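What follows is each chain in one-letter form.
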Amino acid sequence: MDWGTELWDQFEVLERHTQWGLDLLDRYVKFVKERTEVEQAYAKQLRSLVKKYLPKRPAKDDPESKFSQQQSFVQILQEVNDFAGQRELVAENLSVRVCLELAKYSQEMKQERKMHFQEGRRAQQQLESGFKQLENSKRKFERDCREAEKAAQTAERLDQDINATKADVEKAKQQAHLRSHMAEESKNEYAAQLQRFNRDQAHFYFSQMPQIFDKLQDMDERRATHLGAGYGLLSEAELQVVPIIAKCLEGMKGAADAVDAKNDSQVLIELHKSGFARPGDVEFEDFSQPMNRVPSDSSLGTPSDGRPELRGPGRSRAKRWPFGKKNKTVVTEDFSHLPPEQQRKRLQQHLEERNRELQKEVDQREALKKMKDVYEKTPQMGDPASLEPRITETLNNIERLKLEVQKYEAWLAEAESRVLSNRGNSLGRHTRPPDPPASAPPDSSSSNSGSQDNKESSEEPLSEEGQDAPIYTEFDEDFEEEPASPIGHCVAIYHFEGSSEGTISMAEGEDLSLMEEDKGDGWTRVRRKQGGEGYVPTSYLRVTLN
């Protein structure tokens, strides 16, 4: 079944149907275009979200990157970023393979449809023109017949009229004969025109228009087939990225399984273990006989003159690291300002870096020597004397690095001896760590901490290496320090609500003064413009040193 046979008289219907098909093709192209815009916006928002939550500091400078929880979170962010890339790929495929190709094909279909309907209208106009000619010849034949009949009646009437002259009768007969001849010619012309019109009409309805309708049918079927293929490209673009998206999801699942709570606990110990020895027990001091009591430097809150020292709430010794106010520490080259364990790790890290630099300089010296030998053997390749400055510079660097390695090795040996000594003292005092209280008031814990500090300082004499120095003295609050000047400035990247003691609140985008850098514990001391100092997370800041 075809349109030319079954729909030979439905020219307007076919015109509307083919136009509807092209409109549907254009609507689908517009739908896919808007779909690509949605995919692009979705991918852009995903990338912005990933960028917002990725760590701002490099992994080597961020102690939090050592925790499996943080590593898994970063891996999930990377997988989400890869997922966003796949959404962009879907948008690109749809834009190129669907929008551009179908839009171009739609224009071609519109031109072909226009050509077929113009051909059909020309055929209709030709048939209508032939029909008008037929009608004109028919009216002329009818008019000539009436005139011939009228002329014949006039001639007959004059022939019977006795009063008519012979000349009038002859004239009337000639006129009748002429009209009859004209009528006969009109009849022949009408018959020929009718035959020609019937032939043209049969050609129009049985050959010409069916061919045009069949062409329109073929065009519409090709358009529908192409549109169906375009529908398939929509799902094909998704199926192409399914394997990569599946890998992204598997990566997220692997990141979730990689979280190791026990390992993170061990990492926290390695990062922040101070290496200090635990404080000894506080001895009982008998104040029942004050006159006979011998003054002791280890007495809690008792000066050397025997009078009890009164401490108010504002003078309590608090060891609330990292929130407690710390004395101003001077950063030293041997990292002696850090706790023993942290000092050992920092020295070990710098020693490894110096050894790598030393090996690099040694390799460079060997390469320069080989190059110099080549230049000496083949002077056309270069001047051996031109390498002397570089060789001298490399030798100087090697000597400097060797001295630094020796220096760090000595410091590292000293730090390791301190750590071992503190471990021995701690194990000697306590067979097992005492259970901490479930909750203690700040004042109570502060005074106890202060008494333990004094006790340690009186019981353990100082050695040359400072192994038995007073414990936690760098956390005391008795040191009254002058208002320090900022060492830089910083900007808050995120909002932080300082609800714990020693912390301070800050708003996102707020400018702050940098008072003290991060000492490896993840906290930085800042000062707000409207007043007030405290600690905030280092990862929440963008820091610029003076």
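Look a little higher up for the structure.
The text that follows walks through the structure, step by step, so that each part is easy to find.

Cut-offs applied
Residues numbered from 1 in each chain as written. Predicted model: local features only at pLDDT ≥ 70, side-chain atom pairs only at ≥ 80, totals over all residues. Heavy atoms only, no water. Phe/Tyr/Trp six-rings, centres within 6.5 Å; stacked < 30°, edge-to-face > 60°. Helix = DSSP H or I, 4+ residues; strand = E, 2+ residues; numbered from the N terminus. Buried < 20%, exposed > 50% of the residue type's maximum accessible area, 1.4 Å probe, protein only. Expected span 1.5 Å × (residues − 1). Bend = angle between axes of the 7 residues up to and from the residue. Salt bridge = Lys/Arg side-chain N within 4 Å of Asp/Glu carboxyl O. Pairing = 2+ DSSP bridges. Axes fitted to C-alpha atoms, helices over the stretch in contact; angles between N-to-C directions.

### Thoughts on the packing of aromatic side chains
Next, step 1: What the rule picks out here adds up to 13 aromatic pairs.
Next, step 2: Where F131 meets F197, the ring centres are 5.4 Å apart and the plane angle is 50°; that geometry is what we call tilted. Taken together, the residues span a long stretch of sequence, with F131 in helix 3 (residues 68–160) and F197 in helix 4 (residues 166–257) at a distance of 66 residues.
Next, step 3: Between the aromatic rings of F496 and W523, the centroid separation amounts to 6.3 Å while the plane-to-plane angle is 65°, which identifies the pairing as edge-to-face. Taken together, the residues span a long stretch of sequence, with F496 in the loop between strand 1 (488–492) and strand 2 (511–516) and W523 in strand 3 (residues 523–528) at a distance of 27 residues. Here F496 matches W523 in class, with each residue buried.

### A look at helix 3
Next, step 1: Taking 1.5 Å per residue as the helical rise, helix 3 with its 93 residues ought to reach 138 Å, and the 135 Å between its terminal C-alpha atoms agrees with that figure.
Next, step 2: The largest bend in helix 3 amounts to roughly 30° and is located at S95.

### Some points on the pattern of salt bridges
Next, step 1: All told, the structure shown has 26 salt bridges when counted by the stated rule.
Next, step 2: Taking the shortest distance from any N to any O, the salt bridge between K110 and D26 comes out at 3.0 Å. One end of the pair, K110, is in helix 3; the other, D26, is in helix 2 (residues 11–53), with 84 residues separating them in the sequence.
Next, step 3: The partly exposed category is assigned to K110, whose relative accessible area is 31%.
Next, step 4: Judged by relative accessible area, D26 falls into the partly exposed class, the value being 26%.
Next, step 5: Note that R527 is salt-bridged to E533, the shortest N-O span being 2.8 Å.
Next, step 6: Here E533 falls in the partly exposed class, since its relative accessible area comes to 38%.
Next, step 7: If you follow the salt bridges from partner to partner, you end up with R35, E39, R87 and E238 in one network.

### What to know about the sheet that holds strand 2
Next, step 1: Spatially, the five strands line up as an open sheet ordered 4-3-2-1-5, and their pairing is antiparallel. Edge strands, defined here as strands with exactly one partner in the open sheet, are strand 4 (533–537) and strand 5 (541–545). For this sheet the average axis-to-axis angle between neighbouring strands, irrespective of direction, equals 40°.
Next, step 2: Taken together, the five bridges between strand 3 and strand 4 define a ladder with antiparallel strand orientation.

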